[in-house]
Amino acid sequence: MAQLIDGKKISKQIKDELKEEVQRLGEIGKNACLAVVQVGNDPASSVYVNNKKKACAYIGIGSKSYELPEATTEEELVALVEDLNADETVNGILVQLPLPAHIDADRIIRTISPDKDVDGFHPVSVGRLWIGEKGFLSCTPAGIIQLLKRSGIAIEGKECVVIGRSNIVGKPMAALLLRENGTVTVAHSRTKDLKEVAKRADILIVAIGKKKFITAEYVKEGAVVIDVGMHRDENNHLCGDVDFEDVEPHTSAITPVPGGVGPMTIAMLMDNCVETMRTQEERS
Ligand code: GUN
């Protein structure tokens, strides 16, 4: 039987550790506040944004909410982010993606001060990650590293294959696995012989965005499989990029969907918010 990697339990552990730390920092006058910006009312984004605000409340971090209409212009959003950059009561800024098509998301990400970039999406944060400097880490990949470490799965020396090369998951995932001394391959939709490449993996991270795409044929016997996907199957049940029933018997450990990677993203966002408080502590 494969070890089921319990993201719900591990994310709760992390949030509880952060709650204690926030309390300790609060006692010495350090506080944090996250500004959460949503443009338009995409229902999925509203769920994510609400969950982020709830996590702040649970941990004891303040949050300010900016719900802007769909018709908000790029200039108006840039102006808001600049105001939040200058606002000393705001430590972290999160602009929920996707943004409406008339707004250039890259410009908005670049406008967020790297000191408040709790999503870890700013080119400065990305550069720091790749050269091994301290900085904000992209939340989903950082959460996957925590899932592995807290499940007793060593990364050092392992063949790690990441399927997917997005700026939010695939690329930062590769950087983080490399930093943990994994041997890293990034595969993607144009990779030749994807099955053969995936089968090399001791640790297979799947962020391909295709429902139940990864079957047992892609998985080496005894591999660890981490599924970043989130979809609805033909019965309207949540499922991932991995065909769990087919793959699970061949793995040594696997994440379920839901309850695997999903809950970790918010836990690591909270860790980045607390990091802004730790930095205040170091500076004082
Ligand atoms: N949309 C989907 N995931 C994320 C995320 O991690 N951060 C932001 N800002 N938007 C998202």
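This text follows the structure it describes.
Analysis parameters
Residues numbered from 1 in each chain as written. Predicted model: local features only at pLDDT ≥ 70, side-chain atom pairs only at ≥ 80, totals over all residues. Heavy atoms only, no water. Core = buried A, V, L, I, M, F, W, Y, C linked by side-chain atoms within 4.5 Å. Buried < 20%, exposed > 50% of the residue type's maximum accessible area, 1.4 Å probe, protein only. Helix = DSSP H or I, 4+ residues; strand = E, 2+ residues; numbered from the N terminus. Near = heavy atom within 4 Å. Polar contact = N/O pair within 3.5 Å; in protein donor to acceptor, adjacent residues only side chain to side chain. Areas by Shrake-Rupley, 256 points an atom, 1.4 Å probe, with all protein chains shown as cover. Nonpolar A, V, L, I, M, F, W, Y, C, P; charged D, E, K, R; others polar.

A few words now on the nonpolar core. Within the largest apolar cluster, 51 residues are counted, with the highest numbers of intra-cluster contacts made by Leu34, Ile61, Leu148, Leu177, Ile205 and Met270. Broken down by element, this core gets its largest block of residues, 9 residues, from helix α10 (residues 262-283). If you look at the next biggest cluster of nonpolar residues, it comprises 18 residues, including Val161, Ile163, Val247 and Ile254.

With respect to the helices and strands, the residue Val37 is situated in strand β2 (residues 33-39). Residue classification places Val37 among the buried positions, given a relative accessible area of 0%.

Next up on the list: the site of the ligand. With respect to spatial proximity, the complete set of residues near the ligand consists of Lys52, Leu94, Val95, Gln96, Leu97, Asp119 and Phe121. With respect to the ligand, the side chain of Gln96 contributes an N or O atom lying 3.3 Å from a nitrogen atom. One nitrogen or oxygen atom from the side chain of Asp119 is found 2.6 Å from a nitrogen atom belonging to the ligand. Expressed as a share of its isolated accessible area of 280 Å², the protein-covered part of the ligand is 81%. Residue composition of the shell around the ligand, grouped by class: 4 nonpolar, 1 polar and 2 charged.

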